[in-house]
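Working through the structure, step by step
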Amino acid sequence: MGLNVAQKLIKDHLVSGEMTPGSEIALKIDQTLTQDATGTMVMLELEAMGLKRAKTEVSVQYVDHNLLQLDSKNPDDHIFLRSAAQRFGIWYSQPGNGVSHPVHMQYFGKPGKTMLGSDSHTCASGSLGMLAIGAGGLEVAMAIAGEPFYVRMPEIWGVKLTGKMPDWVSAKDVILEMLRRYGVRGGFGRIIEYYGPGLKYLSAMDRHVIANMGAELGATTTVFPSDDEVHNFLKSEKRGEDWVKITADDDATYDIEDEIDLSTLEPLIAKPSSPGNVVPVREVEGEPIYQAYIGSSANPGYRDFAISARMVEGRRIADGVSYDINPTWRDILEDLTKAGLLFHFIQAGGRIHQAGCNGCIGMGQAPATGRNSLRTTPRNFPGRSGTREDSVFLCSPETATASALTGKITDPRNLGFDYPQVELPQREKNMSMFLAPIPEKDALTVELIKGPNIATIPAMEELPDHMEIEVLLKVGDNISTDEILAGGGKVLPFRSNLPEISKFAFEIIDDTYYTRFLQARYRGGFAVVGGSNYGQGSSREHAALAPRYLGLRAVIVKDFARIHWQNLVNFGVLPLTFKNEEDYREIDRGDVIVLSNLRETIKNSKDLTVKVRGTDKEIPVRHDLSPRQIDVLLEGGLINWVNR
Ligand code: MIC
């Protein structure tokens, strides 16, 4: 039987396991991507493993998240990362070069290759016919060291695209349509593969928009075929020789079949505070806005900026609106400047920011309390913008810019002028802001330069056989890692300092937690109980590591998001799910739960019983760990496991 694109990519990289959905497979990893907010930990982990040199074909360390230099912490991290990249044979992309995902696609992405990245939006490179997956930093460190990546074989969800998008509708509306239909857990355990005649109207960068936000559907990744459009893209980047054709066989099938007729789409918008809260723009039209924000890895391309620039050309942004222009990468700034388009933004009253992640992860540009902010970014989880009481909507550049012009949420079709046409520029290849790896003999003598804020990861003890721990926190559905451990200007500078960053654990939910966690730590730790899709969003391993450092030993939920579940295991936290979802009601905050004979039980069975002390409640729960993960957990986490 013929294979689809995802199956071909997996088959070519399969190290062990069966390609049967649900069973654990191991994949050879060709490329890695790390960014500064997760990369400092990765480099410390490589140091702890005693790695001599990266074993991948290409590994790149980007600096794009922590660009606010309020004091020496972030610049110290940049210098550390630069030294570590040189030490381990990794490319280094300097601050100012731009957001990892589009930059990687432009300079390093290759059809047919696998990539593991310590950022959940790594999947964006699926736009080129790569198998690109987001994971926790420790797993990326393992991949850099040449180890395979373990993941459950996903189901392949084929989405056939037909028709052509109408004017004022663009790629962002396609992924918002997927989120409207299926919500933030719709892609769990799946790879989304787009195919069909509609593809010819989607440029490689449009596909990046769609692949990027597959993360918001909870998908393992997204893939597109490597077709003529990908070839054209690589040729325009002067890398035509890197192209190989990868398309689904004629008789290929999918585990799940689906279709979107692009011609029926209209401008869509995700309301606060979930990317899954999608409605047509016309339903919320007229609401006053405070901010319109352009850029981020979710709308990074030249087209996205150029269309917005043409829309504001010769016009003024509405009074009182902050129109924030975040040119995702340096080349975009060059191209917009050469084409004279930057001028239109400036003249219309736009605020120009540097190339990087910026306000997407709360590093500046926070909106005013309760005021509506329209963003082309991928996420609007509560508080992620940096403002606790925020009201963030996600939409296309067309909708954000239309709303900036009128001062209220506006369906761009109602602006009353024609849809601007955009020509893609001829660009020069400019790698001047990359530092290439140096030869191994020189690299081995490079010293790691650690500023005072860079702390070594403390040792973690193995899984105890008996736990009697208090449930300190009970949360509902869809808790994101932004709520477990926030980003933003206050917290991100501590990404390389676990004791300090742990002070912010769950702070967005309740800022009294830190002291209560510390007290619980001395009583043997604590547990968290949650609803469905626990830990959705970012790949940040700090969201597992910081609570673990404070004494988190078990999390019991209805179900987990993929990357966070894996991160919990990697740092020795027992992830359990209720066998009967209604039992979520049976455990309350303040209850002390008892887990006995744990080490033997998890080895021999998937089923466990949680007792609630002082009651006769016995609650059946499950773990879904592979034998390898059980070993890791018994050791107290992946670092201990690797060391032993
Ligand atoms: C995000 O979009 O949430 C981030 C910030 O890029 C994260 C990575 C991080 O927390 O460092 C992600 O997506 O994994």
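What counts, and where the lines are drawn
Residues numbered from 1 in each chain as written. Predicted model: local features only at pLDDT ≥ 70, side-chain atom pairs only at ≥ 80, totals over all residues. Heavy atoms only, no water. Helix = DSSP H or I, 4+ residues; strand = E, 2+ residues; numbered from the N terminus. Rg over C-alpha atoms; globule rule 2.2 N^0.38 Å. Buried < 20%, exposed > 50% of the residue type's maximum accessible area, 1.4 Å probe, protein only. Contact = heavy atoms within 4.5 Å. Areas by Shrake-Rupley, 256 points an atom, 1.4 Å probe, with all protein chains shown as cover. Lys, Arg positive; Asp, Glu negative; His and termini not counted. Charge placed at Lys NZ, Arg CZ, Asp CG, Glu CD. Near = heavy atom within 4 Å. Polar contact = N/O pair within 3.5 Å; in protein donor to acceptor, adjacent residues only side chain to side chain. Axes fitted to C-alpha atoms, helices over the stretch in contact; angles between N-to-C directions. Parallel < 35°, antiparallel > 145°, perpendicular 65-115°, else oblique. Left-handed = near helix turned anticlockwise from the far one by under 90°. Pairing = 2+ DSSP bridges. Core = buried A, V, L, I, M, F, W, Y, C linked by side-chain atoms within 4.5 Å. Phe/Tyr/Trp six-rings, centres within 6.5 Å; stacked < 30°, edge-to-face > 60°. Lys NZ or Arg CZ within 6 Å of the ring centre and 35° of its normal. Salt bridge = Lys/Arg side-chain N within 4 Å of Asp/Glu carboxyl O. Nonpolar A, V, L, I, M, F, W, Y, C, P; charged D, E, K, R; others polar.

To continue, consider the overall build of the chain. A tally of helices and strands in the chain yields 22 helices and 27 strands. Relative to the 2.2 N^0.38 estimate, which gives 26 Å for 644 residues, the radius of gyration of the chain is 24 Å and therefore close to what a compact globule would have. Projected onto its principal axes, the C-alpha coordinates of the chain cover approximately 70 × 55 × 55 Å. When the 644 residues of the chain are sorted by exposure, 64% land in the buried category. Taking all contacts inside the chain whose residues are at least 6 apart in sequence as the whole, residues at least 24 apart take part in 77%. Element-wise, carbon and sulfur atoms account for 47% of the exposed surface of the chain, whose accessible area totals about 22100 Å². In the chain, 69 side chains carry a positive charge and 84 a negative one; their mean positions are 2 Å apart.

Here we come to the site of the ligand. Residues in contact with the ligand amount to 14 residues; listed here are only the nearest, Ser-120, Arg-379, Arg-384, Ser-539 and Arg-540. A distance of 2.8 Å separates an oxygen atom of the ligand from a polar atom in the side chain of Arg-384. With respect to the ligand, the backbone of Ser-539 contributes an N or O atom lying 2.7 Å from an oxygen atom. Here the ligand loses 97% of its free accessible area of 340 Å² to cover by the protein chains.

Packing of helix α6 (residues 171-182) against helix α7 (residues 204-212) leaves a shortest axis separation of 8 Å and a crossing angle of 25°. Between α6 and α7, the angle is such that the two are roughly parallel. In terms of crossing hand, the pair formed by α6 and α7 is right-handed. Contacts from Ala-171, Lys-172, Val-174 and Ile-175 of α6 reach α7 at Asp-206, Val-209 and Ile-210.

Time to look at the environment of Val-312. Relative to the helices and strands, Val-312 is located in helix α9 (residues 302-312). Among the residues examined, Val-312 registers a relative accessible area of 0% and is labelled buried. Expressed as a C-alpha distance, the spacing of Val-312 and Ala-211, which sit 101 residues apart in the sequence, is 28 Å. Residues within four places of Val-312 in sequence aside, it is in contact with Ile-317, Tyr-323, His-344, Phe-345, Ala-348, Thr-401 and Leu-405.

The next thing to look at is the sheet that holds strand β9 (residues 155-162). Taking strand neighbours across the sheet as the criterion, the 4 strands line up as β11-β10-β9-β12 in an open arrangement whose pairing is parallel. Two strands lie at the open edges of the sheet, namely β11 (221-223) and β12 (256-261), each paired on one side alone. For this sheet, the mean inter-axis angle between neighbouring strands, taken without regard to orientation, is 25°.

Once that is clear, we can look at the nonpolar core. Judged by nonpolar contacts, the single largest core of 68 residues is most densely connected at Phe-506, Tyr-534, Ile-556, Ile-587 and Ile-602. Not counting chain neighbours up to four residues away, the residues in contact with Ile-602 comprise Leu-463, Leu-574, Leu-608, His-623, Ile-630, Leu-633 and Leu-634. Ala-204, Val-312, Val-321 and Cys-395 belong to the second largest nonpolar core, which has 50 residues in total.

Attention shifts here to the sheet that holds strand β8 (residues 149-152). Pairing is antiparallel across the open sheet formed by 3 strands, whose spatial order is β1-β2-β8. This sheet does not close on itself; its edge strands, each paired only once, are β1 (14-16) and β8. Looking at each pair of strands side by side, their axes are set apart by 45° on average, direction ignored. Judged from the 4 bridges that link them, strand β2 (residues 24-27) and β8 form a sheet pairing that is antiparallel.

So, on to unusual backbone geometry. Residues Pro-272 and Ser-273 are joined by a peptide bond in cis, for which omega reads -10°. Here Ser-273 is to be found in the loop between β13 (268-270) and β14 (278-280). Even without being glycine, Asn-478 reaches a positive phi, approximately 60°. On the basis of relative accessibility, which here comes to 32%, the residue Asn-478 falls in the partly exposed class.

As a further point, take the packing of aromatic side chains. Tallying each qualifying case throughout the model produces 17 aromatic pairs. Aromatic pair Tyr-195 and Tyr-254: ring centres 4.9 Å apart, planes at 15°, arrangement stacked. Taken together, the residues span a long stretch of sequence, with Tyr-195 in strand β10 (residues 190-195) and Tyr-254 in the loop between α8 (228-236) and β12 at a distance of 59 residues. Note on Tyr-254: relative accessible area 10%, which makes it buried. Here the aromatic residues Trp-91, Tyr-107, Phe-108 and Phe-434 are joined through ring pairs into a cluster of three or more. The ring centre of Tyr-549 lies 5.0 Å from the NZ or CZ of Arg-521, which sits over that ring.

This part takes up helix α4 (residues 100-107). Along an α-helix, residues three or four positions apart point the same way, because every turn accommodates 3.6 residues. The element α4 is extensively covered by neighbouring structure, given that 8 of its 8 residues are classed as buried. Of the residues making up α4, those classed as buried are Ser-100, His-101, Pro-102, Val-103, His-104, Met-105, Gln-106 and Tyr-107.

Our focus in this paragraph is the pattern of salt bridges. On inspection of all chains with the given rule, the structure shows 45 salt bridges. Between Asp-482 and Arg-540 there is a salt bridge; the shortest N-O distance is 3.0 Å. Of the two residues, Asp-482 is situated in helix α14 (residues 481-484) and Arg-540 in the loop between β22 (526-529) and α18 (542-549); the sequence distance between them amounts to 58 residues. Note on Asp-482: relative accessible area 2%, which makes it buried. One connected set of salt bridges, linked through shared partners, spans Glu-177, Arg-180, Arg-181 and Asp-258.

Let us look at α7. Within α7, 9 of the 9 residues are buried, which leaves the element mostly enclosed by the surrounding structure. For α7, every residue scored as buried is listed here: Ala-204, Met-205, Asp-206, Arg-207, His-208, Val-209, Ile-210, Ala-211 and Asn-212. Buried residues along α7 sit in contact with α4, α6, β10, β11, α8 and α9.

With that settled, the discussion passes to the environment of Leu-415. Note on placement: Leu-415 falls in the loop between α12 (397-406) and β20 (434-435). Under the relative-accessibility criterion, Leu-415 is labelled buried at 18%. Separated by 167 residues in sequence, Leu-415 and Ala-248 place their C-alpha atoms 41 Å apart. If we skip the residues at most four places from it in the chain, Leu-415 touches Trp-168, Met-311, Ala-402, Thr-406 and Thr-410.

Looking down a regular strand, the side chains alternate between one sheet face and the other. Here strand β6 (residues 114-117) shows two buried faces, one formed by Thr-114 and Leu-116 and the other by Met-115 and Gly-117. Pairing of β6 with strand β7 (residues 131-134) involves 4 bridges; the strand directions are parallel. When the bridges of β7 are listed, Leu-116 appears paired with Ile-133.

This part is about the packing of α9 against helix α10 (residues 330-338). For the pair α9 and α10, the least separation of the axes is 10 Å and the interaxial angle reads 35°. In the packing of α9 onto α10, the handedness of the crossing is right-handed. Taking contact as the criterion, the partners of Tyr-302, Phe-305 and Ala-306 in α9 are, on α10, Ile-332, Asp-335 and Leu-336. When the residues that make up the contact of α9 with α10 are grouped by side-chain class, the tally is 5 nonpolar, no polar and 1 charged.

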